[in-house]
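Here's the letter readout for the chains.
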Amino acid sequence: MLWYLPAGLRLGTLWLLPRRLWPAMAVIEMTALILLGRTLGYQSLTGWLLGAIIPWCIYAVVLRAIGRHGRGTPAYRALPRLLTVGFMAAVLNSLLLTA
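Since this is a predicted model, take the numbers as computed values, not measurements.

**Q** Could you clarify how one ought to interpret the overall build of the protein in this entry?
**A** Tallying secondary structure elements over the protein gives four helices and zero strands in all. Reading the protein from its N end, one meets helices and strands in the order α-α-α-α. When the 99 residues of the protein are sorted by exposure, 28% land in the buried category. A separation threshold of at least 6 residues defines the contact pool for the protein, and within that pool the share at least 24 residues apart is 63%. Within the structure as shown, the protein displays about 6900 Å² of accessible surface, and the carbon and sulfur contribution to it stands at 71%.

**Q** Teacher, can you tell me more about a nonpolar patch on the surface here?
**A** A cluster of nonpolar side chains, F87, M88, V91, L92 and L95, forms an exposed patch at the surface whose accessible area comes to about 460 Å². Take M88: it is sitting in helix α4 (residues 75-98). The class for M88 is partly exposed, based on a relative accessible area of 36%.

**Q** Even after reading the chapter, I still don't get the environment of G12, so can you show me in this structure?
**A** Residue position: G12 is located in helix α1 (residues 5-16). Overall, the relative accessible area of 26% leaves G12 in the partly exposed class. Taking the C-alpha atoms as reference, G12 lies 9.0 Å from L82; in sequence the two are 70 residues apart.

**Q** When you look at the nonpolar core in this model, what are you seeing that I'm missing?
**A** Most often, soluble globular proteins keep nonpolar side chains buried together rather than apart. In this structure, L14, W22, W56, Y59, L63 and V85 are the most contacted members of the largest nonpolar core, which totals 18 residues. Those elements that place two or more of their residues in this core are α1, α2 (22-40), α3 (45-66) and α4. If you tally residues by element for this core, the top one is α3, at seven residues. Those residues within four positions of W56 in sequence are excluded, and the remaining contacts are R10, L14, W22, M25, A26, E29 and M30.

**Q** Where do I start with α2 in this structure?
**A** Helical periodicity: at 3.6 residues per turn, an α-helix aligns residues three or four positions apart in one direction. The first and last C-alpha atoms of α2 sit 27 Å apart over 19 residues, in line with the 27 Å expected at 1.5 Å per residue. Backbone geometry just after α2 places G41 at a positive phi near 85 degrees.

What counts, and at which threshold
- Residues numbered from 1 in each chain as written.
- Predicted model: local features only at pLDDT ≥ 70, side-chain atom pairs only at ≥ 80, totals over all residues.
- Heavy atoms only, no water.
- Helix = DSSP H or I, 4+ residues; strand = E, 2+ residues; numbered from the N terminus.
- Buried < 20%, exposed > 50% of the residue type's maximum accessible area, 1.4 Å probe, protein only.
- Contact = heavy atoms within 4.5 Å.
- Areas by Shrake-Rupley, 256 points an atom, 1.4 Å probe, with all protein chains shown as cover.
- Patch = residues over 30% accessible without salt bridge, like charges linked within 9 Å, V, L, I, M, F, W, Y side chains within 5 Å.
- Salt bridge = Lys/Arg side-chain N within 4 Å of Asp/Glu carboxyl O.
- Core = buried A, V, L, I, M, F, W, Y, C linked by side-chain atoms within 4.5 Å.
- Expected span 1.5 Å × (residues − 1).

Rendered as structure tokens:
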């Protein structure tokens, strides 16, 4: 699998929404994962949630560290930053989740 769809959606929403909405995004994602875990019949949701919380936090931290583009920034300047955030977050996630 080359790209995990929720990771792309997570990065896109973190990139587009203001930081004041990030906690609400995290709560919505965790709620959806709890409901999905219950629906799929997982007995322990701890591992399921850790697998979601860790990547979400990594994406938020990397995006906060690198920063977003300003309003009116041309796409040719914003895209490399977005790709860098996605790449770094994916690498950190893979290192932490496979350790």
